[in-house]
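Coordinate analysis (summary)
The chain contents come next:
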Amino acid sequence: MPMIEIDKVSKWYGAFQVLKNCSTTVDKGEVVVVCGPSGSGKSTLIKTVNALEPFQQGRIAVNGQSVGDRGTNLPQLRARIGMVFQNFELFPHLSIMRNLALAQTMVLKRSGEEAIERGLKLLDRVGLIAQKDKFPGQLSGGQQQRVAIARALAMDPIAMLFDEPTSALDPEMINEVLDVMVELAKEGMTMMVVTHEMGFARKVAHRVVFMDQGEIVEDAAKNDFFGSPRSDRAQTFLSKILNH
Amino acid sequence: MFENFDFDVIARSWQALIFQGLAFTAQVTLLAMAGGIVLGTLLAMMRLSSFKPLAWVAAGYVNLLRSIPLVLVIFWFYFLVPYIGAWIIGAPRPIPVGAFTSALVTFIMFEACYYCEIMRAGIQSIPSGQANAGYALGMNYWQMMGRVILPQAFRNMTPVLLTQTIVLFQDVSLVYIISLPDFVTIASKIAQRDGRLIEMYLFVAVVYLAICLLLSHFVKRLQTRFAIAR
Amino acid sequence: MNYNWNWGIFWELSPDASGTYAQTLLYGLNWTLATGLSSWVLALMIGATVGTVRTLPVRWAVRLGNAYVELFRNIPLLVQMFLWFFVVPELLPRDVGNWIKQLPNSSFWTAVVALSCFTSARVAEQVKAGILSLPRGQQAAGIALGLTLAQTYRKVLLPMAFRIILPPLTSEFLNNIKNSSVALTIGLMELTARARSMQEFSFQVFEAFTAATLIYLAVNAVVVFAMRGVERWVAVPGYMGGRTR
């Protein structure tokens, strides 16, 4: 059973259809990169996986649990799926330590000491243990995003979703974040990543999904996608993005 | 010009003035601020709720009370509260409510409308990504509001909330119309008793001026220290 | 519950021989509107002047303007009305003071003066904020074209500033009308005062105050509607409501 199943999902904003019959899966341990031009719906698609965005048609399941189902306990489901945002979204009024511990104590009901211990371990893993008592406003973008990844990992997720994690970073900080993500992939985390960073895709992705205007146009193994993309749109997109 | 004035009257009655009158005003202000901010925040959350009937009720209440003069609101609650009290405890006749309670209920219910608009702006100014991040971590609505959104909204809005409290402090003077013993009413009684309107009213004006100037100066200093770095 | 509803009370005659209760409420409304509108016109003129002065590069004028605003913002309106009504006539030369006290409708004139000063301070704040929100380049462009500072203010800055502050200015207009009710403490028989006296004579508390409430809501609606019309009439094409980007 795949870890993430997206089955014929469609979504409308009023009369405008933003997702058109999208279907794909992510197996356990797989890394899937979702790419495409702006407005293709890739961010919207990834936000439907943990129900941050509702959808009108289709079915989404994470580890067998249906996301759109009325009976699903959403907070508990979301606690098991980690999400990293384009704008980091650390809580600015809390210290780094408290950012890491907050959801652990409130949602997973861990004890304070356990939450702190876990948080420190992950902070160390992303190389930022020295910043534990600082506030988000005092850190650089790259540092904030690494803390955000640690915050998501502190919940012991079964899968991680990344929504353009490096798009808001200055160029010199992109690599420090990508390195953390590469490590994560090598350890076998199930990852769904919306990104423009094709170097990252080439290194660790198993599959690449290409979206355009709300549809999934191509869904191929990495080498197939980069070697011989089948659709014209994918070819155009790749040529624009790779010739930078 | 000032030869016939008797500023001694201030010295003679200052105890009654300061301790009773100003204390009454200050007490109503502080309690109404606390109650008003709590009720106002709830009203703001109701207005922003996706459950439409709740949003309409809150909006209707806030817009109604902001459209009529405070003088009229004070009369309304002065007459209404005894009836509502009777209805709550099932008494057959309107129950007499103390002056202080009446004033308190009035100002909490009235100022809550203004605090509501302030908190609504504050909540809306927090980027939606913050709520998303909270939800993505598995928090429910109340956890997210209580730990992520409201702390930030309060911090951002503190100067505006305090400025509104200074306005509230001045508004309390209107209890004069129902003869509650606030600073202005007591000064007025003394003025009429001793025939010294000028000295008393000038004194009242100067005291208000001093207190409000001090408070707004304090709020301005606070404004620089309260910004959260993003 | 022991309350006798009587919505027909409005057609009964008021004991103070001024007509039916409905008529007395309308007389009250007249005074409310008269006070609110005349003081608003004055407040606009004074407030616009003071607000503009506070943005000029003349330090003593700015300080004077600031002092004016701080004075009228930090004393409750009720106290200000008492000062104008009871204190000022005594502080003026005896003849002038006596003349003021003998005026028919002295509460009306006092209320208008008091409200004008009170509201003008708030208008001044809005005008200053509006002027300061304009891009710096606007003034520079005016001066570069050879306009004097006065001309730049009149032709370039103030027209845009006023369009920007129309929404908060509408709020101040409504506040001013509502604040006319405070004048009941110095004897002005405006709408709320009339509702109160209707309540005192007839004991029909809720009917009286409901009528007053509905009338204020109606006035509100008319003013908001009218001001929206003004906003549309003065809007600059291509800008959202005349707002600069």
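Quantities reported herein were computed from a predicted structural model and do not represent experimental measurements. (Residues numbered from 1 in each chain as written. Chains lettered and ligands numbered in written order. Predicted model: local features only at pLDDT ≥ 70, side-chain atom pairs only at ≥ 80, totals over all residues. Heavy atoms only, no water.)

With that settled, consider the sheet that holds strand 2 (residues 16-26) of chain A. All names here are of chain A. Read across the open sheet, the four strands follow the order 2-1-4-5; overall the sheet is antiparallel. If you trace the sheet from one side to the other, it starts and ends with strand 2 and strand 5 (65-66), each paired once. As paired strands, strand 1 (residues 4-13) and strand 2 are joined by seven bridges and run antiparallel to one another. When the bridges of strand 2 are listed, Val9 appears paired with Cys22. (Pairing = 2+ DSSP bridges. Helix = DSSP H or I, 4+ residues; strand = E, 2+ residues; numbered from the N terminus.)

On to the environment of Val223 of chain C, then. Residues and elements named next belong to chain C. Mapped onto the elements of the fold, Val223 is located in helix 10 (residues 205-234). Separated by 178 residues in the primary sequence, Val223 and Met45 have C-alpha atoms spaced 19 Å apart. Setting aside residues no more than four positions away along its own chain, Val223 makes contact with Phe173, Leu174 and Ile177. (Contact = heavy atoms within 4.5 Å.)

Let us now look at the layout of surface pockets. All names here are of chain B. The space that makes up the second largest pocket amounts to roughly 670 Å³. Around the second largest pocket, the lining is made up of 18 residues, and of these Leu48, Ser50, Tyr135, Tyr141 and Met144 lie nearest the centre. At the level of elements, helix 4 (99-124), helix 5 (128-136) and helix 6 (141-171) are the ones that each hand at least two residues to the lining of the second largest pocket. (1 Å grid on protein atoms, 1.4 Å probe; cavity = no way out; pocket = protein on both sides within 12 Å on 5 of 7 lines; lining within 4 Å. Points joined across faces, edges and corners; volume = space filled by probe spheres on them.)

As for its placement among the helices and strands, Thr72 of chain A is situated in the loop between strand 5 and helix 2 (74-80). Those residues in contact with Thr72 of chain A that sit more than four places away from it in its chain are Gln65, Ser66, Val67 and Leu77 of chain A.

Moving on, we get to helix 7 (residues 149-164) of chain C. Residue and element names in this part refer to chain C. At Leu157, helix 7 shows its largest kink, close to 45°, and the proline Pro159 lies no more than four residues downstream. Turning to helix 7, its buried residues number three or more, namely Thr152, Tyr153, Leu157, Leu158, Met160, Ala161 and Ile164. In this structure, the buried side of helix 7 is in contact with helix 1 (21-53), helix 5 (106-132), helix 6 (136-144) and helix 8 (166-179). (Bend = angle between axes of the 7 residues up to and from the residue. Buried < 20%, exposed > 50% of the residue type's maximum accessible area, 1.4 Å probe, protein only.)

Attention now moves to the arrangement of the chains. Summarising the chain contacts, two pairs of chains touch, and the pair with the most contacts is chains B and C. The closest approach of any C-alpha atom in chain A to one in chain C is 25 Å; the two make no contact.

With that out of the way, let us pick up a nonpolar patch on the surface. Residues and elements named next belong to chain B. On the surface, Val38, Leu42, Tyr141 and Trp142 cluster together to form a nonpolar patch covering roughly 430 Å² of accessible area. Elements with a minimum of two residues in the nonpolar patch: helix 1 (8-47) and helix 6. In this fold, Val38 is placed in helix 1. (Patch = residues over 30% accessible without salt bridge, like charges linked within 9 Å, V, L, I, M, F, W, Y side chains within 5 Å. Areas by Shrake-Rupley, 256 points an atom, 1.4 Å probe, with all protein chains shown as cover. Salt bridge = Lys/Arg side-chain N within 4 Å of Asp/Glu carboxyl O.)

Moving on, we get to the sheet that holds strand 9 (residues 207-212) of chain A. Residues and elements named next belong to chain A. The six strands lie next to each other as 6-7-8-3-9-10, forming an open sheet whose pairing is mixed. Strand pairing shows two members of the sheet lacking a second neighbour, strand 6 (81-84) and strand 10 (215-221), which therefore form its edges. The average angle at which neighbouring strand axes cross in this sheet is 15°, direction not considered. Note that strand 6 and strand 7 (residues 159-163) share four bridges and pair parallel. When the sheet's bridge partners are listed, Val84 is paired in strand 7 with Phe162. Most of the contacts of helix 1 (residues 42-49) go to strand 7, to which it runs at about 150°, and overall it touches strand 3 (31-35), strand 6, strand 7, strand 8 (190-194) and strand 9. (Axes fitted to C-alpha atoms, helices over the stretch in contact; angles between N-to-C directions.)

Attention now moves to the packing of aromatic side chains. Scanning the model with the defined rule gives 27 aromatic pairs over all chains in all. Ring plane angle 10° and centroid distance 5.6 Å describe the contact between Phe75 of chain B and Phe209 of chain C, whose orientation is recorded as stacked. With Phe75 of chain B in helix 3 (residues 70-89) and Phe209 of chain C in helix 10, this pair bridges two chains. Looking at Arg151 of chain A, its charged tip hangs above the ring of Phe91 of chain A, at a distance of 4.6 Å from the centre. Taking the ring centre of Phe226 of chain A as reference, the NZ or CZ of Arg202 of chain A above it sits at 4.7 Å. (Phe/Tyr/Trp six-rings, centres within 6.5 Å; stacked < 30°, edge-to-face > 60°. Lys NZ or Arg CZ within 6 Å of the ring centre and 35° of its normal.)

These results come straight from atomic positions and should not be treated as a statement about function.
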